[in-house]
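A closer look at the structure
Okay, here's what each chain looks like letter by letter:
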Amino acid sequence: MTELTLGQQLPARVFGPVTMTDIVRYQGASGDMNPMHHDDELARSAGFPAAFSVGMLGAGWLAGYCTEHFGEDTVRRFRTRFTNLVYRGDELVASAEVVRLFERDGEDLVELAIALRKLDGAVVVEGSAEFTV
């Protein structure tokens, strides 16, 4: 990665459209077999229009997006919060902004404000992350 500056935006990356295969593969890998994520009838009975994606799948995509730029070995902190539901067919855009460059315990670090949004701009996962640089 080249020199980082405050306010710098990392190049965006699109994930999706989200498929049932994406959701079920994540469920199998994570052990989260909640049927709300793959059973449309159950989800509709609970007031949702359809089964919805696992929140951690979006957080995982966001983590992958960040480590593509900085590498897995450089992660020092990664925090996310789920803010919206994701349904099959949604396309998601990962973004990150440099909000702080600092030193801690002898390491040069970057703090990012990170987000995963639907194409209409609705945030589905937001958070922050720190990486060594």
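What comes next is a walk through the structure.

Scoring rules and cut-offs
Residues numbered from 1 in each chain as written. Predicted model: local features only at pLDDT ≥ 70, side-chain atom pairs only at ≥ 80, totals over all residues. Heavy atoms only, no water. Helix = DSSP H or I, 4+ residues; strand = E, 2+ residues; numbered from the N terminus. Contact = heavy atoms within 4.5 Å. Areas by Shrake-Rupley, 256 points an atom, 1.4 Å probe, with all protein chains shown as cover. Lys, Arg positive; Asp, Glu negative; His and termini not counted. Charge placed at Lys NZ, Arg CZ, Asp CG, Glu CD. Pairing = 2+ DSSP bridges. Axes fitted to C-alpha atoms, helices over the stretch in contact; angles between N-to-C directions. Parallel < 35°, antiparallel > 145°, perpendicular 65-115°, else oblique. Nonpolar A, V, L, I, M, F, W, Y, C, P; charged D, E, K, R; others polar. Salt bridge = Lys/Arg side-chain N within 4 Å of Asp/Glu carboxyl O. Buried < 20%, exposed > 50% of the residue type's maximum accessible area, 1.4 Å probe, protein only.

Here the focus is the overall build of the protein chain. Looking only at helices and strands, one finds 3 helices and 5 strands in the protein chain. Reported as C-alpha extents along the three principal axes, the dimensions of the protein chain are approximately 55 × 30 × 20 Å. For the protein chain, the proportion of contacts with a sequence separation of at least 24, taken over those separated by at least 6, is 64%. For the protein chain, the accessible area works out to roughly 7,200 Å², and carbon and sulfur atoms hold 50% of it. In the protein chain, which carries 12 positive and 20 negative side-chain charges, the distance between the mean positions of the two groups comes to 3 Å.

In the segment running from Gly16 into Pro17, the intervening peptide bond is cis, with an omega of 10°. Residue position: Pro17 is located in the loop between strand E1 (13–15) and helix H1 (20–30).

Looking now at the pairing of strand E3 (residues 92–104). Two elements, E1 and E3, share 3 bridges in a ladder whose sense is antiparallel. Bridging from a neighbouring strand, Val14 pairs with Val93 of E3. Taken together, E3 and the strand that follows it, strand E4 (residues 107–118), pair antiparallel across an intervening segment of 2 residues, in which Asp105 is found at a positive phi of about 50°.

Strands sit in the order E1-E3-E4-E5-E2 across an open sheet of 5 strands; the sheet is antiparallel. Pairing within the sheet leaves two strands with one partner each, and these edge strands are E1 and strand E2 (75–82). Each neighbouring strand pair of the sheet contributes to a mean axis angle of 25°, computed without reference to strand direction. Pairing between E2 and strand E5 (residues 123–132): 7 bridges, direction antiparallel. Among the inter-strand pairings, Arg77 is bridged to a residue of E5, identified as Glu130. Each of E1, E2, E3, E4 and E5 touches helix H3 (residues 55–70); the most contacted strand, E2, lies at about 145° to it.

This part covers the packing of H1 against H3. Here H1 crosses H3 at 95°, and the two axes come no closer than 10 Å. By the angle class used here, H1 and H3 are roughly perpendicular. Facing Asp22, Ile23 and Tyr26 of H1, the residues of H3 in contact are Met56, Leu57 and Trp61. A breakdown of the residues in the contact of H1 with H3 according to their chemical character gives 5 nonpolar, no polar and 1 charged.

Applying the stated criterion across every chain yields a total of 10 salt bridges. Taking the shortest distance from any N to any O, the salt bridge between Glu68 and Arg13 comes out at 2.5 Å. Of the two residues, Glu68 sits in helix H3 while Arg13 sits in strand E1, which places them 55 residues apart along the sequence. On the accessibility criterion, Arg13 (32% relative accessible area) is partly exposed. A salt bridge links Arg76 to Glu107; the nearest nitrogen and oxygen atoms lie 2.8 Å apart.

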